[in-house]
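# Chain and residue survey
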Amino acid sequence: MAGNNSVNISFTVNGENFNNVNVPSRQHLADYLRSQGFTGTHLGCEQGACGACTIEMDGKAVRSCLVLASQANGANLKTVEGFDDEMMEKVKQNFLKHNAFQCGFCSPGMLMTTKEILLNKKKLTRDEIRSEISGNYCRCTGYQSIVDAIEECINEIN
Amino acid sequence: MDDIKVNQNPKLGSLDRPNSYIGRSLPRENAKKHLDGGGQFVDDLTLPRMVHVAFLRSPFAHAEIKSINTNDAKKSDGVVDVFTAKEIDEVCKPWIGTLGHLGEMRSPEQTPLAKKIARWQGEPVAVVIADSRAQAEDALELIEVDWAEKEAQVDMETALDSNAVVIHPELGNNLFWTRTVNQGDVEKAFKKADAVVEATLDFARHTGVTLESRGIVADWNKAENKMTIYHNGQAPHMMQHIIAKHLDLNEGLVRIVSRDVGGSFGIKVHVYPDEMAVTAISKKIGRPVKFIADRLESFTTDIHARCHKISGKLGVDKNGKILAMEIDDLSGIGPFSMYPRTSAIETNQVLNLSGAPYVIPNYKAVGTVVFQNKTPMCQYRAVGHPIAVAITEALIDKAAYKIDMDIDKIRKINFIPDNAYPNKCPSGVPLEDLSHEASMDKLLEIMDIKEIEAQNEEDFKKGVLTGHGVISMCEVTNPSPLFYGVGGAHISSQDGASIRLEGSGAIHLSSSITEQGQGTEAIMKQIAADQLGVKMESVRVTLGDTDATPYGGGTWASRGAGIGGEAVLKAARKLKDNILNIAAAIMQTDKDTLDIEDNNVIRKNGGEGITLQKLAETVYYRGHELPKGTNAELLATASFLIEGIPFVFTNSAMGCQVSIDQDTGIIKINKFWAVEDCGTQINPKLVEEQIRGGVIQGIGGALFEECVYDNQGNMQNATMADYLVPMAYEMPDIIVDHVTTNSGRSIIGAKGAGEAGTGGAPAVIMNAVNNALKQVNAEVVSQPITPEKILKALGKI
Amino acid sequence: MKAAHFSYHEALNLQDAIKIKAHDDESVILAGGQSLLPALNMRLSSPTCLIDISKISGLNEIKIDGQTLFIGALATHSDVMNNKTVKNNMPCMFDILKMVAHPAIRNKGTHGGSIAYGDPAAELPALAVATNAEIIVSGQNGDRSINAKDFYLGLFETTINQDEIVVGIKYPLLKKGQKIVFDEVCRRHGDYAMAGLIANVMGSKNDIKDLKLVFFATGDKPDVADKTARLCLENGYDYDKLKNSLSTEIDFAGDLNSSSEMKLHLATVLIKKVLSKLEI
């Protein structure tokens, strides 16, 4: 047996430094972030199937329940609390306008998935948008309003 | 400001005045916090000295617990204690899930943790309390249980057989409840019928799969004898009563706080054994205790729904007039009836609602509800509707096909006419203010049936089976005391609102209705601001806290807008009246010459007014300036309940077109239309989103969702990868339109809108699929309609 | 659902990882973790130690290596989908990977991880078998190359030894007239298929010269159907004949969403669907 039950790592969350913190080896990143007060990252299934915990890790969307906290060594993480740039503010306005969420539990993951769609700068049809968000579960809306909001974001950007 | 999309209720005042918010699709500004990660869900809460629990759950559907050894678990890292039924029962009294108003119900006592016998896979048996959830789960592995597995009664269809395993021997058999409705003489009428059609449909078990799982933090404060419960429920005052009753606490000293709730759909309105155990543990150890169900626990312990097999028979004359309808429904509810609402209501609604839109002079319905060794079943969104609507509408299509009549025509000639209300369902339940004729006309107008039929034929030539369907339905909303209260349940059917003008000029509103994402806070704000004459942004709202809101029922059965909204309207009107009286005194004029607009008391005929802030300052800080005897109350409260009828019904008409891939059996929904008549729409966008979300949930049941069990009673697909919820790619856009018939029961005129989509979609999908399959003489009778069932129907496998 | 205890070791280099793995037979390799983490979270797997190889540099290389396209084990599905060399040399890869779960999973899940895990319902093992790919593994005794058809033994079972780690996959470059075509039938987009087929075809729609059929989500490993492929080559598409042949050639294993009978039917239909994608 090698290694330890906790690991000392450094990383950033929304630009804030976390230097030399000890994380339990077995803890996934979502639980770690939540324990530090980033409770906007939600857990729906802990097996990658619902998309609620999707965050940004080094510029890419990842399921934070399928990444160990220890794997975040050296990473730049962004959670919903840090989605405050101009593009994401616009996205939020469109989500609000189209009522693209009801209970709000899926929203952090849905916003991250939207962010990645927009960063890819592709003009997508409604069916393609549905394909891109098909890993994010929403029980409330039935998805149409979310597709409406993302479609408007894409039109504004392209 | 958005255009008013609907014809407003004249009782609500003119449309072109300032601050007319009712009827406008305003965005939910209050909900933006969710987009900033600022929601406050139960799992987001951390309290000092808080501990976590994990439950040891029965791995068997039916087993005797011969012994439990918790010694090693108690020594595990971070463990505070380990309890079994013995310790929990010292603090929490058992309950029985029966009600008194629906005939005899038989369900035994239930305790938080199973004693001696476990009766479903997932039933809690022991609980570890530890510093973290992970440590609690570590210790679970160290608990030794000596199990003696027993034969399980899994299949509801054999539950009443003489050789069935009797789950509660003291009851003698597995019957929970049965009811028969008999109106007229069906036997005689069937003999007279020119055509009689029959169908037997079955509906799998499914469950709510709220994205946020059930969760609770119980915090017993010994110094104050006070229990504070943070809970993601739908009915805080009901929980307050139940926790006080079973833990023997002073009800006034139990506080339930339900902040943000990540979806509920009826799943979170019931009393769960594990949550009761958590409150008992906090009382016992004097520390805050958190329990958040993981997804496996959600699948095996959240209530399940549906699980029905229903046979139906419909007789019509040669002109298509319905002469008689008969149904026989069987449902399996797991080993216990849920508390306190019972597990009889779904079947009861099937009996109440079948045939509801139509004139059916002879109606007979039998419902039988049995126990089985599966997860308990109870009320979930659109209780009973999917079964009632599917059997009714399937029979009507069959009758139409048999006498060669158009599917829309046969419905139209049988509707209870729009001008014939008040009226009654075939079951005898009173109906009023409905519009099946107008709604179907609107549906046909937006669907363009001719074009759809042409497309169906064209597709058939290409080898694609395309078909369509239309349905009509009644939707139960806004229940009265005749729903639960009359049967002995302490569930309020009245709701309250309290509204005040504060010293700053701000308006504060509190309501006993709760928010789970529907937009409760937004519509309450719209009603209050509209009726008071203030800007929306000057109103703030408190919901979901028994210490801070008026007493009431909470949010379930689509009662928020119609009941809670009316209470807000009445409170706002009272406050306005008070304000105008005070203003009249200050301004030394007649009250009738005054009004409130944009947070100012104005003189209708012009001249200087007074801001609400100035008025409030006078009242609060310089009350001595007011004329003697002025009633200076800037706080108004009001309550509302539905009286005299069991429910305020809503009606809906839906249509869809589907295509079936004959090679793979995969169904594609090409288009879906819904017309809803929910009376006054306070926020049309939010109404539409209730319809859409509901329809998708209904499509889930129709095509995807099923709790799959093996014959030993083990759930086979209790993960989100294996239980198929509707995801975005397979779901259609839904065109929503409205007819508006206001409810005469209230000033606001609103009915509910949350159930129809889920209640109607399974029927219209099934009818469309069978319309498509009819072209090759095939048929499906079982939901979810899986690709395999389609291929079997087509004779391909 | 919280994982049981394990220790975590961030491997500095391949040798480091191989050494630990060789000495602890209850240790497992963590690459993308997209299949491992769900198993850990649900306590379906309780290894003693996770050896994180994801930070080892050079293992995500994608290049032309002689007559093969080499994809390094740590290249993520997203890396592979967006790679020009892959697009130019193996255009089918994009369409295949698009069916693997969802974007955020593909951002982490690795090519080598999917190959090594050997999930019979996954696309990539079937692709490797269909294309006659070589799987390169590294161990205490150096590297060895295993042909994909010999790599998969059974349900999640491969020929890889305890001390070995997959470092890359070599796909033979397509010859002129050769095409990889693919289709699958799922309940929902991104789900594991009820049945899927990868066909390696030489020729055009009307003149198929050679055909290899490899099915996935049908049995306990990628299912090669050479006899059925020959029958199809000789007689063309005949549903009944091909279905009969497949039933003798593959031991179809039903699952939650499709019975073995359903899988047999879908497998047969997939041959038609895949062949219809060929150009005339």
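Residues numbered from 1 in each chain as written. Chains lettered and ligands numbered in written order. Predicted model: local features only at pLDDT ≥ 70, side-chain atom pairs only at ≥ 80, totals over all residues. Heavy atoms only, no water.

### Things to note about the overall build of chain A
For clarity, the threshold we go by: Secondary structure is summarised from DSSP: a helix means a run of H or I of at least four residues, a strand means a run of E of at least two, and numbering begins at the N terminus for each. In this description the radius of gyration comes from C-alpha coordinates, and the expected globular size is given by 2.2 Å times residues to the power 0.38. With a 1.4 Å probe rolled over the protein chains alone, any residue whose accessible area is under 20% of its type maximum counts as buried; one over 50% counts as exposed, and the rest are partly exposed. All tallies of charge rest on Lys and Arg as positive and Asp and Glu as negative; His and the ends of each chain are not included. One atom stands in for each charge, and that atom is NZ of Lys, CZ of Arg, CG of Asp or CD of Glu.
For chain A, the helix and strand inventory stands at five helices and five strands. Along chain A, from the amino end to the carboxyl end, the secondary structure elements read β-β-α-β-β-β-α-α-α-α. Taken over the C-alpha trace, chain A has a radius of gyration of 16 Å; the compact-globule value for 158 residues is 15 Å, and the two agree within 12%. The proportion of buried residues among the 158 residues of chain A is 69%. The averaged location of the 18 negative side-chain charges in chain A is 3 Å from the averaged location of its 15 positive side-chain charges.

### As for the overall build of chain C
Operational definition: It only takes one pair of heavy atoms within 4.5 Å for two residues to be counted as in contact.
Helix and strand counts for chain C come out as 12 helices and 14 strands. Over its C-alpha atoms chain C spans a radius of gyration of 19 Å, differing by no more than 12% from the 19 Å that the globule rule assigns to 280 residues. With respect to the principal axes defined by its C-alpha atoms, chain C has extents near 55 × 40 × 35 Å. In chain C, which comprises 280 residues, the share counted as buried stands at 58%. Across chain C, contacts joining residues at least 24 apart in sequence account for 59% of those joining residues at least 6 apart.

### Considering empty space enclosed by the protein
All names here are of chain B. Stated precisely, the cut-off is as follows: Cavities and pockets are defined on a 1 Å grid built over the protein atoms alone: a cavity is a set of grid points where a 1.4 Å probe fits but cannot escape, while a pocket is an open set with protein on both sides within 12 Å along at least five of seven lines, and lining residues are those with an atom within 4 Å of any such point. Grid points are joined across faces, edges and corners, and a volume is the space filled by probe spheres set on the points. Residue classes follow a fixed rule: Ala, Val, Leu, Ile, Met, Phe, Trp, Tyr, Cys and Pro count as nonpolar, while Asp, Glu, Lys and Arg count as charged, and any other residue, Gly among them, counts as polar.
Summed over all chains, the structure comprises 10 cavities of 30 Å³ or more. As a volume, the largest cavity reaches approximately 730 Å³. Lining the largest cavity are 47 residues, with Gln-518, Ser-558, Gln-690, Gly-754 and Glu-755 positioned closest to its centre. Counting only elements with at least two residues in the lining of the largest cavity, the list comes to helix H13 (520–532), helix H14 (560–587) and helix H16 (684–704). Take the lining of the largest cavity: its biggest share by element is three residues, from H16. Tallied by class, the residues present in the lining of the largest cavity amount to 20 nonpolar, 22 polar and five charged.

### Overview of the pairing of strand S11 (residues 178–185) of chain C
Residue and element names in this part refer to chain C. How we decide: Should DSSP find at least two bridges between two strands, the strands are regarded as paired.
Burial of S11 is extensive: seven of the eight residues sit out of reach of the surface. Looking at chain direction, S11 and strand S12 (residues 195–204) are connected through eight bridges and run antiparallel. Bridge assignment links Val-181 to a residue of S12, and that residue is Ala-199.

### Here we look at helix H10 (residues 226–235) of chain C
All names here are of chain C. Counted only if it meets this: In this description, one arc is meant: the one made by directions from the helix axis to the C-beta atoms.
Buried within H10 we find Thr-228, Ala-229 and Cys-232. For H10, the angular spread of the buried residues around the axis is 105°, confining them to a single face. Buried residues in H10 make contact with strand S13 (207–216), helix H11 (239–249) and helix H12 (260–275). One or two steps after H10, the chain reaches Gly-236, where phi turns positive at roughly 80°.

### Points about the domain arrangement of chain A
All names here are of chain A. To keep it simple, the criterion reads: Residue ranges assigned to the domains are those given by an automatic or database domain assignment. A 1.4 Å probe defines the accessible area here, and the buried area is the portion of it lost by two parts on being joined, summed over both. In the sections that follow, a salt bridge refers to a side-chain nitrogen of Lys or Arg positioned within 4 Å of a carboxyl oxygen of Asp or Glu.
Domain boundaries in chain A define domain 1 (6–81) and domain 2 (83–157). Tallying the contact residues gives 18 residues for domain 1 and 14 residues for domain 2. For the domain 1 and domain 2 pair, buried surface summed over both sides reaches about 1300 Å², with 53% attributable to carbon and sulfur atoms. Summed over the shared surface of domain 1 and domain 2, the number is one salt bridge.

### Quick word on the packing of helix H10 (residues 407–414) of chain B against helix H11 (residues 436–447) of chain B
Residue and element names in this part refer to chain B. Note the threshold: Here an axis means a line fitted to C-alpha atoms, over the contact stretch when the element is a helix, while the angle between two N-to-C directions is reported on a 0 to 180 degree scale. An angle below 35 degrees is treated as roughly parallel, one above 145 as roughly antiparallel, one from 65 to 115 as roughly perpendicular, and anything else as oblique. Whether a crossing is left-handed or right-handed is set by the direction in which the near helix is turned from the far one by less than a right angle, anticlockwise for left-handed and clockwise for right-handed.
One way to put it is that H10 packs onto H11 with a least axis distance of 10 Å and a crossing angle of 165°. It follows that H10 is roughly antiparallel to H11 by the angle criterion. By crossing handedness, the relation of H10 to H11 is classed as left-handed. Residues Asp-408, Arg-411 and Lys-412 of H10 form the contact with H11, whose own contacting residues are Met-440, Asp-441 and Leu-444. Within the contact of H10 with H11, the residues separate by chemical class into two nonpolar, no polar and four charged.

### Examining helix H17 (residues 756–773) of chain B
Working note: α-helix, 3.6 residues per turn, so residues spaced by three or four point in the same direction. Which entries qualify depends on this criterion: Here, expected helix span is obtained from the residue count minus one, scaled by 1.5 Å.
Spanning 18 residues, H17(B) covers 26 Å between terminal C-alpha atoms, matching the ideal 26 Å at 1.5 Å per step. Most of H17(B) sits inside the fold, with 18 of its 18 residues counted as buried.

### A closer look at the sheet that holds strand S22 (residues 594–597) of chain B
Hydrogen bonding along the main chain pairs the strands of a sheet, whether they run parallel or antiparallel. All names here are of chain B. Spatially, the three strands line up as an open sheet ordered S22-S23-S24, and their pairing is antiparallel. Edge strands, defined here as strands with exactly one partner in the open sheet, are S22 and strand S24 (610–611). Relative to strand S23 (residues 600–603), S22 is paired through four bridges, and the arrangement is antiparallel. Bridge pairing in S23 links Glu-597 to Asn-600. Packing against the sheet, H14 makes contact with S22, S23 and S24, and its axis sits at approximately 120° to S22.

### Comments concerning the interface of chain A and chain B
Where interface size is quoted, it is often the accessible area lost as the parts come together. At the interface, 47 residues of chain A touch 51 residues of chain B. Carbon and sulfur atoms supply 55% of the area that chain A and chain B bury against each other, a total of about 4000 Å² over both sides. On the chain A side of the contact with chain B, A:Leu96, A:Tyr137 and A:Arg139 bury the most area, a combined 19% of that side's loss. There are eight salt bridges connecting chain A and chain B.

### Here we look at a negative patch on the surface
Let me state the cut-off plainly: For patch detection, residues must exceed 30% relative accessible area and be free of salt bridges, and they are connected within 9 Å for like charges or within 5 Å for nonpolar side chains (Val, Leu, Ile, Met, Phe, Trp, Tyr). Methods summary: accessible areas were calculated by the Shrake-Rupley approach with a probe of 1.4 Å, and residue burial reflects only the protein chains presented.
Together, B:Asp404, B:Asp406, B:Glu453 and B:Glu457 make up a region of like negative charge exposed at the surface. Inspection of the secondary structure assignment puts B:Asp406 in the loop between helix H9 (385–403) and H10.

### Focus on the pattern of salt bridges
Applying the stated criterion across every chain, the model contains 71 salt bridges over all chains. The partner of B:Glu689 in a salt bridge is B:Lys685, and the shortest N-O contact between them spans 3.3 Å. In this pair, B:Glu689 and B:Lys685 are both assigned in helix H16, four residues apart and thus about one turn of the helix distant. C:Asp191 is the salt-bridge partner of C:Arg188, the closest N and O atoms lying 2.9 Å from each other. Note on accessibility: C:Arg188 and C:Asp191 belong to one class, buried.

### A word on the environment of B:Ile699
Residue and element names in this part refer to chain B. Topologically, Ile-699 is positioned in helix H16. In this structure Ile-699 comes out as buried when scored by relative accessible area, which is 0%. With 647 residues separating them along the chain, Ile-699 and His-52 place their C-alpha atoms 37 Å apart. Those residues in contact with Ile-699 that sit more than four places away from it in its chain are Ile-669, Phe-672, Phe-704, Met-731, Pro-732, Ala-761 and Ile-765.

### Considering the domain arrangement of chain C
Residue and element names in this part refer to chain C. When cut into domains, chain C gives domain 1 (7–52), domain 2 (62–172) and domain 3 (178–275). Once you take the C-alpha centre of each, domain 1 and domain 2 turn out to be 19 Å apart. On the side of domain 2, 16 residues touch domain 1, which itself brings 14 residues to the contact. Interface area, domain 1 with domain 2, both sides summed: about 1100 Å², of which 66% is carbon and sulfur.

### Considerations on the interface of chain C and chain B
Here is the rule: Pairs of N or O atoms within 3.5 Å make up the polar contacts considered here, provided that, within protein, one atom can donate a hydrogen while the other can accept it, and that residues adjacent in sequence are counted only when both atoms are side-chain atoms.
Counting residues at the interface gives 26 residues for chain C and 34 residues for chain B. Counting the surface lost from both chain C and chain B, the interface buries some 2300 Å², and carbon and sulfur atoms represent 57% of this. On the chain C side of the contact with chain B, C:Met1, C:Arg187 and C:Arg188 bury the most area, a combined 31% of that side's loss. Connecting chain C to chain B are five salt bridges. In this structure, the salt-bridge partner of C:Lys272 is B:Asp663, at a minimum N-O distance of 2.9 Å. If you look at where chain C meets chain B, you find 12 residue pairs in polar contact (both at pLDDT 80 or more). Counting residues per element, the ones that place at least two in the side of chain C that touches chain B are H11 and H12 of chain C. Tallying contributions element by element places H12(C) first for the side of chain C that touches chain B, with seven residues. In terms of residue class, the side of chain C that touches chain B is built from 11 nonpolar, six polar and nine charged.

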